[in-house]
Amino acid sequence: MRTKMKHYIFTLLSILVILSSWAQNASVTGRITDASNNDPIGFSNIIVVGTAIGTTSDLDGKFTITGLEPGYVQLQASFIGYKSKLSEDIFLSNNNTPFIEIILEPTAQELAEVVIKADPFEKKLEAPISMQRIGTKEIESNPGSNRDISRVIQSFPGVGSTPAFRNDVIIRGGGPSENRFFLDDVEIPVLNHFSTQGASGGPVGIINADFIQSVDFYSGTFPSNKYNALSGVLDFKLKEGSREKTNIQAAVGASEAAFTLDGPMGDKTSYIFSLRRSYLQFLFSAIGLPFLPTFNDYQLKVKTNFDVKNQLTIISLGSLDNLVLNEGIKDPDASQEYILSQIPVNNQWSYTIGSVYKHFFDKGFHSFVLSRNMLNNEFYKYPDNDESQDRSFDYLSREIENKLRYELTFRNNGIKYSFGVSSEFAKYSNATSQKLYLNDSLFSIDYNSSFNLYKYGLFGQASKSFLDNRLQFTFGLRMDGNNYNEQMADPLKQTSPRFSVSYAVTANTRLNTGIGRYFQLPAYTTLGYRDNYNVLVNSESAKYIGANHFNLGVEHRFSRSIILSLEGFYKDYFQYPIDINTGSSLANQGAEYSSVAGAAPVIFSGTGQATGFELLNRINLNSFTWLASYTFVRSLFTDFNDKLVPSSWDSKHLLSITATKELKSNWRIGMKWRFVGGLPYTPFDLETSSYVAVFNAIGQPYPDFNRLNEARFNSFHQLDLRIDKNFFFNKWALMLYLDIQNAYNFKNQGQDFIIREKNPDGTYKTTDSGTKYVLNSVPNESGTLLPTVGLMIKF
């Protein structure tokens, strides 16, 4: 039977290979425009990189290239008086003609001079340092990432990760709450399903990779129009729908099934829309995991070009997540019992909808960004999951934000200017009931909180190149405020200047530096925390959290496709909130499943520092890519006693090597190896935790905050492998992949599970007249070889 099955599979693959070899007629259309005013650039040259195939644009800047082989391609556009530009990666198939817009930047050099060569590692003039561009091909083919951008960026320098298979975005020793995310200029507050409120993490990304054209990843030196971040910014550029016909894609991946549509809506409008639903709950139930997550999401982009000078883009995405306990497990083992005892039920939903209107004029354009987003988050937990008892934890929170931003971008005398204002109206509500044990006493908190918040900001930036582009300079200034209290109402107290300089020492070597001050609003969970007397505990003392960035680097281009860079960084934090109850900086929070970060009484006197250096080597050839990065980082934050303590992200060493190779007949192979130094953790206070009333309060042991992050885990490392095979036919395409995570089955040792010992009759064993449990430590080992097969069909 097994032999016959192998024969059938081999026969089927052979037929697919033969049929697909007859269908090699892909095409691409697009438009070449001026970055200053969106005017079409006629008679520009467009070539397919790595080939002799090309064309020129017509008077309207439009072009079409046909007769191409399916797969990923890049286009290079050039015209006298403009910097040549490489497009993002474009995926071609015989049945779909994608549309790509290539925007050329004018150069101050004379028209008679030669065209400036295109740069595959080009950075924005506003961010010559601490910025990387990630293409859709890197996202799709990154081994072990399952097309999830939060995991893809773990290949890049400065980005930490945890062995808990979460998507926490940890950049240069900063916490997962210190980052912001934009989709085509619309801010999205939630990047992951089952998101940790007040932070960025979660187990699965919410953004469908089918939408992503490219990502600008900033690990410092943010432009002034990117706000409310201390460590990183992810700026997504989304694909446009086809201008030719409706296309359908169905996909089955490691955790979900997806359905995507794109196409035209009349002559001036295109759209792309997707739905995804997970099937993790069935897999987790089958293998006996103690929790069953289900997630759903949608995503939409509609773009209308009314004419050359006016365009409107509408963006929307949303999620619906439910996590329930798998109480049907018979005779759970120690680890299952521990997880069942401490993890709460979680119901969460969110959405963002926004519009971006742009009006172009001779030297620039106006941008109006209007958006609304909402997060609804519910947790609850019964002691020992016994619903006949009162809940030990009951939490329901809602965040609503309405945002309006105006930006003016123009060029004058070779200087690029950007000015803007922003305003935001937010509503927050929270109903919390929880039992806690702190300061040698057991107590309950029970409050309902709500407030409205008005925020405002003003920003500007100027950038210019000198000495025939050898010297580049940019300066930005931003001020922010809100009406929460008098301290934060004054925008002068949140003045954040930043500037960067890049100088070409030789034709292939550049020195880069960047300095800036950045501010971030504390989490709503912190601002909305009340005591049992219904007092907003943090209302008088709340301040913006600040960080000063100092970056210095050098980069050398061995060729057009090979770059090596070294960059040092130092982040000086101030006004960081410290939890009064535990004495720990809130910088340590945000990476726990089903948790809320920042919900505590705090003082804003904390400081911190994250310092280190990064080494990066990137190779981008037509058939081979290589990305190797090493980061040394130290991350320390003060506790209540003003003592610098290693943070929960103080991994010290980060090493990542990622490589992919294109083979003949549309095969591709790839590998990624990661090494993460051991992270600090706080040991449990087993004596206190053994008391029945204490343990029952939250169903798990209590950390000993007198020994904050005193212990450290062993280092973590993992090898991921991936094989892709694409089949292209006249009217459809089939993409298959095999992804193997943790190929050599590395076992990670986490903090021991602490469980209560049971009597033969199933009751918990106690001592001291029934006041104390008998606790046992059980090794916490995680990590398994995880193969995944995925497929995508395009019609």
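The structure we're discussing is the one just above.
Now for a quick tour of the structure. (Residues numbered from 1 in each chain as written. Predicted model: local features only at pLDDT ≥ 70, side-chain atom pairs only at ≥ 80, totals over all residues. Heavy atoms only, no water.)

From N to C terminus, the protein includes nine helices and 47 strands. A compact globule built from 795 residues should have a C-alpha radius of gyration of about 28 Å, and the protein, at 27 Å, falls within 12% of that. Principal axes of the C-alpha set define a box for the protein whose edges measure 90 × 75 × 50 Å. Classification of the 795 residues of the protein by burial places 57% in the buried group. Across the protein, contacts joining residues at least 24 apart in sequence account for 67% of those joining residues at least 6 apart. Put simply, the protein shows about 32400 Å² of open surface, and 58% of that area lies on carbon and sulfur atoms. Each charge class in the protein was averaged separately, 74 positive and 78 negative side chains, and the resulting centres sit 6 Å apart. (Helix = DSSP H or I, 4+ residues; strand = E, 2+ residues; numbered from the N terminus. Rg over C-alpha atoms; globule rule 2.2 N^0.38 Å. Buried < 20%, exposed > 50% of the residue type's maximum accessible area, 1.4 Å probe, protein only. Contact = heavy atoms within 4.5 Å. Areas by Shrake-Rupley, 256 points an atom, 1.4 Å probe, with all protein chains shown as cover. Lys, Arg positive; Asp, Glu negative; His and termini not counted. Charge placed at Lys NZ, Arg CZ, Asp CG, Glu CD.)

A few words on the nonpolar core. Judged by nonpolar contacts, the single largest core of 38 residues is most densely connected at Leu453, Leu527 and Tyr576. If we ignore the near neighbours within four places in the chain, the residues touching leucine 527 are Phe451, Leu453, Tyr484, Met488, Leu521, Pro522, Leu536 and Ala542. Counting residues in each nonpolar core, the second largest holds 31 residues, with Phe156, Phe181, Phe217 and Leu627 among its members. (Core = buried A, V, L, I, M, F, W, Y, C linked by side-chain atoms within 4.5 Å.)

Strand residues, when the strand is regular, have side chains that alternate between the two faces of the sheet. Residue alternation in strand S30 (residues 495-504) divides its side chains into a buried set, Ser496, Arg498, Ser500, Ser502 and Ala504, and an unburied set, Thr495, Pro497, Phe499, Val501 and Tyr503. When strand S29 (residues 471-482) meets S30, the two strands line up antiparallel, connected through nine bridges. Across the sheet, the residue bridging to threonine 474 is serine 500, located in S30. When S30 meets strand S31 (residues 509-520), the two strands line up antiparallel, connected through seven bridges. Bridging across to S31, serine 500 finds its partner in glycine 514. Between S30 and S31, which pair antiparallel one after the other, the connecting turn spans four residues. (Pairing = 2+ DSSP bridges.)

Here the focus is the sheet that holds strand S9 (residues 99-104). Taken together, the three strands give an open sheet; going across it, the order is S4-S1-S9, and neighbouring strands pair in mixed fashion. Two strands in the sheet have a free side with no partner beyond their single neighbour: strand S4 (62-68) and S9. Averaged over all pairs of adjacent strands, the angle between their axes in this sheet comes to 25°, without regard to strand direction. As paired elements, strand S1 (residues 26-34) and S9 share six bridges and run parallel to each other. (Axes fitted to C-alpha atoms, helices over the stretch in contact; angles between N-to-C directions.)

The sheet built from five strands is open, its strands ordered S10-S17-S18-S13-S14 with mixed pairing. Bordering the open sheet on either side are strand S10 (131-135) and strand S14 (186-188), each of which pairs with just one other strand. Strand-to-strand twist in this sheet, taken as the mean axis angle between neighbours without regard to direction, amounts to 25°. Two elements, strand S13 (residues 179-183) and strand S18 (residues 232-238), share five bridges in a ladder whose sense is parallel. When the bridges of S18 are listed, phenylalanine 181 appears paired with leucine 234.

The tally for this structure, following the rule as stated, stands at 37 aromatic pairs. Three or more aromatic residues joined by ring pairs form one cluster here, namely Tyr428, Phe451, Tyr484 and Tyr524. Note that lysine 464 overlies the ring of phenylalanine 466, its terminal NZ or CZ placed 5.3 Å from the centroid. The positively charged end of lysine 772 is found above the aromatic ring belonging to tyrosine 691, 5.2 Å away from the centroid. (Phe/Tyr/Trp six-rings, centres within 6.5 Å; stacked < 30°, edge-to-face > 60°. Lys NZ or Arg CZ within 6 Å of the ring centre and 35° of its normal.)

So, on to helix H5 (residues 334-342). For H5, the full list of buried residues reads Gln336, Glu337, Tyr338, Ile339, Leu340 and Ser341. Close packing links the buried residues of H5 with strand S22 (291-307), strand S23 (310-325), strand S25 (364-381), helix H9 (692-698) and strand S43 (748-756).

This part covers empty space enclosed by the protein. Counted according to the given criterion, the structure contains eleven cavities of 30 Å³ or more. Size it by volume and the largest cavity reaches roughly 790 Å³. Lining of the largest cavity is provided by 48 residues; of these, Arg180, Asn228, Glu401, Leu521 and Tyr524 occupy positions nearest its centre. Per-element tally for the lining of the largest cavity: the top contributor is strand S26 (residues 393-412), with five residues. (1 Å grid on protein atoms, 1.4 Å probe; cavity = no way out; pocket = protein on both sides within 12 Å on 5 of 7 lines; lining within 4 Å. Points joined across faces, edges and corners; volume = space filled by probe spheres on them.)

Here we come to the environment of tyrosine 380. Relative to the helices and strands, tyrosine 380 resides in strand S25. Each C-alpha atom, one on tyrosine 380 and one on threonine 313, is 39 Å from the other, the two residues being 67 residues apart in sequence. With residues near it in sequence (within four places) discarded, tyrosine 380 still touches Pro344, Val345, Asn347, Arg391, Phe393 and Asp394.

Tracing the chain through its elements places lysine 137 in helix H2 (residues 136-141). A distance of 3.2 Å separates a polar atom in the side chain of lysine 137 from a polar atom in the side chain of glutamate 662. Each residue touching lysine 137, except ones within four places of it in the same chain, is listed here: Tyr72, Asp89, Asn622 and Glu662. (Polar contact = N/O pair within 3.5 Å; in protein donor to acceptor, adjacent residues only side chain to side chain.)

Tallied over the full model, the rule gives 40 salt bridges. Among the salt bridges present, the one from lysine 303 reaches glutamate 101, with a minimum N-O distance of 3.6 Å. Here glutamate 101 lies in strand S9 and lysine 303 lies in strand S22, a separation of 202 residues in the sequence. A salt bridge links arginine 276 to aspartate 297, with the shortest nitrogen-to-oxygen separation between them at 2.8 Å. Here aspartate 297 lies in strand S22 and arginine 276 lies in strand S21 (residues 269-278), a separation of 21 residues in the sequence. One exposure class covers both arginine 276 and aspartate 297, and it is buried. (Salt bridge = Lys/Arg side-chain N within 4 Å of Asp/Glu carboxyl O.)

On to unusual backbone geometry. With the exception of glycine, the majority of residues adopt a negative phi angle, and the majority of peptide bonds are in the trans configuration. Positive phi values are uncommon outside glycine, yet asparagine 38 reaches one of about 70°. Structurally, asparagine 38 is set in the loop between S1 and strand S2 (45-48). With a relative accessible area of 5%, asparagine 38 lands in the buried category. The phi angle at serine 769 is positive, at roughly 60°, despite the residue not being glycine. Looking at the secondary structure, you find serine 769 in the loop between strand S44 (766-767) and strand S45 (772-773). For serine 769, a relative accessible area of 81% corresponds to the exposed category.

In the sheet, strand S28 (residues 441-466) pairs with S29 via twelve bridges, with the strands oriented antiparallel. Residue pairing in the sheet places leucine 458 in a bridge with methionine 479 of S29. Where S28 folds back onto S29 in an antiparallel hairpin, the turn is made up of four residues, including leucine 467, whose phi is positive at roughly 50°.

Along the chain, the position of serine 350 falls in strand S24 (residues 345-361). Given a relative accessible area of 7%, serine 350 falls into the buried group. Polar contacts involving the side chain of serine 350 include one to the side chain of serine 319, which spans 2.8 Å. Those residues in contact with serine 350 that lie beyond four places of it in its chain are Val190, Ile206, Leu317, Gly318, Ser319, Met374 and Leu375.

In short, shape yes, function no, at least from these values alone.
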